[in-house]
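Next come the chains, spelled out residue by residue.
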Amino acid sequence: MSYLSPALVRKGLELTLKSLKLDYIDLFLIHWPTGLKLSEGVLFPKDASGNLLYSDVDFCETWTVECHPYLNQSKLLKYCKSNNIVLVGYSPLGSSPDPKWFNPNNPILLNDPELRKIGEKHNKTAAQVALRYQIQRDVVIIPKSFNPGRMKQNKEIFDFQLTDEEMKAIDGINKNCRYVIVKQLIDHPKYPFHEEY
Ligand code: A2P
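The structure displayed is predicted, hence computed values, not measured ones.

Rules and cut-offs
- Residues numbered from 1 in each chain as written.
- Predicted model: local features only at pLDDT ≥ 70, side-chain atom pairs only at ≥ 80, totals over all residues.
- Heavy atoms only, no water.
- Pairing = 2+ DSSP bridges.
- Helix = DSSP H or I, 4+ residues; strand = E, 2+ residues; numbered from the N terminus.
- Axes fitted to C-alpha atoms, helices over the stretch in contact; angles between N-to-C directions.
- Contact = heavy atoms within 4.5 Å.
- Patch = residues over 30% accessible without salt bridge, like charges linked within 9 Å, V, L, I, M, F, W, Y side chains within 5 Å.
- Areas by Shrake-Rupley, 256 points an atom, 1.4 Å probe, with all protein chains shown as cover.
- Salt bridge = Lys/Arg side-chain N within 4 Å of Asp/Glu carboxyl O.
- Buried < 20%, exposed > 50% of the residue type's maximum accessible area, 1.4 Å probe, protein only.
- Polar contact = N/O pair within 3.5 Å; in protein donor to acceptor, adjacent residues only side chain to side chain.
- Core = buried A, V, L, I, M, F, W, Y, C linked by side-chain atoms within 4.5 Å.
- Near = heavy atom within 4 Å.
- Nonpolar A, V, L, I, M, F, W, Y, C, P; charged D, E, K, R; others polar.
- Phe/Tyr/Trp six-rings, centres within 6.5 Å; stacked < 30°, edge-to-face > 60°.
- Lys NZ or Arg CZ within 6 Å of the ring centre and 35° of its normal.

A. Examining the sheet that holds strand E1 (residues 62–66) more closely. Ordered by their spatial adjacency, three strands build an open sheet running E1-E2-E3, and the pairing between neighbours is parallel. Unpaired on one side and paired on the other, E1 and strand E3 (140–142) mark the two borders of the sheet. Neighbour to neighbour, the strand axes of the sheet diverge by 25° on average, direction disregarded. Across three bridges, strand E2 (residues 86–90) lies against E3 in parallel orientation. Within E3, the residue paired with glycine 89 across the bridge is isoleucine 141. Taken strand by strand, helix H2 (residues 74–82) contacts E1 and E2, and its axis lies near 175° from that of E1.

B. Here's a closer look at a nonpolar patch on the surface. A cluster of nonpolar residues, Tyr3, Leu8 and Leu15, forms a patch on the protein surface that exposes about 230 Å² of accessible area. Along the chain, the position of leucine 15 falls in helix H1 (residues 6–20). Residue leucine 15 is classed as partly exposed on the basis of its relative accessible area of 37%.

C. Structural detail: the environment of asparagine 106. Here asparagine 106 is to be found in the loop between E2 and helix H3 (113–122). Considering only alpha carbons, one finds asparagine 106 and tyrosine 179, 73 residues apart in sequence, at a separation of 7.0 Å. When neighbours within four sequence positions are excluded, asparagine 106 is seen to be in contact with Cys177, Arg178 and Tyr179. There is a polar contact of 2.7 Å between the side chain of asparagine 106 and the backbone oxygen of arginine 178.

D. Representation of the nonpolar core. With 27 residues, the main nonpolar core has Tyr70, Leu115, Val129, Leu162, Ile170 and Tyr179 as its most contacted residues. Taken together, the elements giving at least two residues each to this core come down to H3, helix H4 (126–136) and helix H6 (164–171). Considering every element that reaches this core, the biggest residue donor is H4, with six residues. Apart from residues no more than four positions distant in its own chain, isoleucine 170 is found in contact with Pro69, Leu115, Ile118, Val129, Tyr133 and Leu162. The next biggest cluster of nonpolar side chains, apart from the first, holds ten residues, and it includes Val65, Cys67, Leu76 and Leu87.

E. Examining the site of the ligand more closely. The environment of the ligand is made up of 17 residues, and the closest members are Ser145, Phe146, Arg150, Gln153 and Asn154. With respect to the ligand, the backbone of serine 91 contributes an N or O atom lying 3.4 Å from an oxygen atom. One of the backbone N or O atoms of serine 95 is found 2.8 Å from an oxygen atom in the ligand. The protein chains hide 81% of the 570 Å² of surface that the ligand would expose on its own. Considered class by class, the residues forming the shell around the ligand number seven nonpolar, eight polar and two charged.

F. How the structure looks around the packing of aromatic side chains. Enumeration over the complete set of coordinates arrives at one aromatic pair. Aromatic pair tryptophan 63 and tyrosine 79: ring centres 6.4 Å apart, planes at 80°, arrangement edge-to-face. A residue pair is termed long-range when its members are at least 10 positions apart, and tryptophan 63 in strand E1 and tyrosine 79 in helix H2 qualify at 16 residues. When the ring centre of phenylalanine 160 is taken as origin, the NZ or CZ atom of arginine 132, which lies over that ring, is 6.0 Å away. One residue, lysine 175, lies across the ring of tyrosine 70, its end atom 4.7 Å from the ring centre.

G. Focus on unusual backbone geometry. Phi is positive for serine 91, which is not a glycine, with a value near 55°. When you line up the elements, serine 91 lands in the loop between E2 and H3. When its relative accessible area of 14% is taken as the criterion, serine 91 is described as buried. With a phi angle near 65°, aspartate 138 is a residue other than glycine that sits in the positive phi range. With respect to the element layout, aspartate 138 can be found in the loop between H4 and E3. With a relative accessible area of 52%, aspartate 138 lands in the exposed category.

As structure tokens, this is what we get:
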């Protein structure tokens, strides 16, 4: 959570370039941007009513949000696809139950009966089905594991295909349920999750 304010973003980028020993990078990910002007209004992400979500971001190639079958972001994904933005999903497995950010009232994604049932048909785990679902709807995913066996499992998702019915069934388990709520920032004026996305 540093170099986020408008005056510091460029400095953050320059420091990144310096440590990478590069003159440019193709993509600079800003975690929770709070203000930046790169060029004159190329693209402004808006909410469903047309209001600007981040009035201070003006060029957006990827949009990173929490995304998994219980928060499938279907509206935002549609918006991104029609604006050539790649949606990147964090916590694609429903996150880890860290009390710092995890919402303990939510059901556990990987215990979902539908994901398990579909997994059994393909001889895959619920986690692999949750990841494969995203690949098939063109969402880039960043699954995290500290366990070598599960890291391997998370790569083995390119040797099976979910049917249209299975994709629809997984769409149907969406609960708009957000795991990563970062409770310590809820009162911040720019807390992003009062918005739907
Ligand atoms: P672990 O590191 O012990 O494998 P997310 O990517 O949604 O943030 O989820 C990360 C959490 O999911 C971690 O707690 C991780 O635990 C767990 N995890 C990662 N891969 C799998 C998997 N294939 N099956 C079950 N849990 C997994």
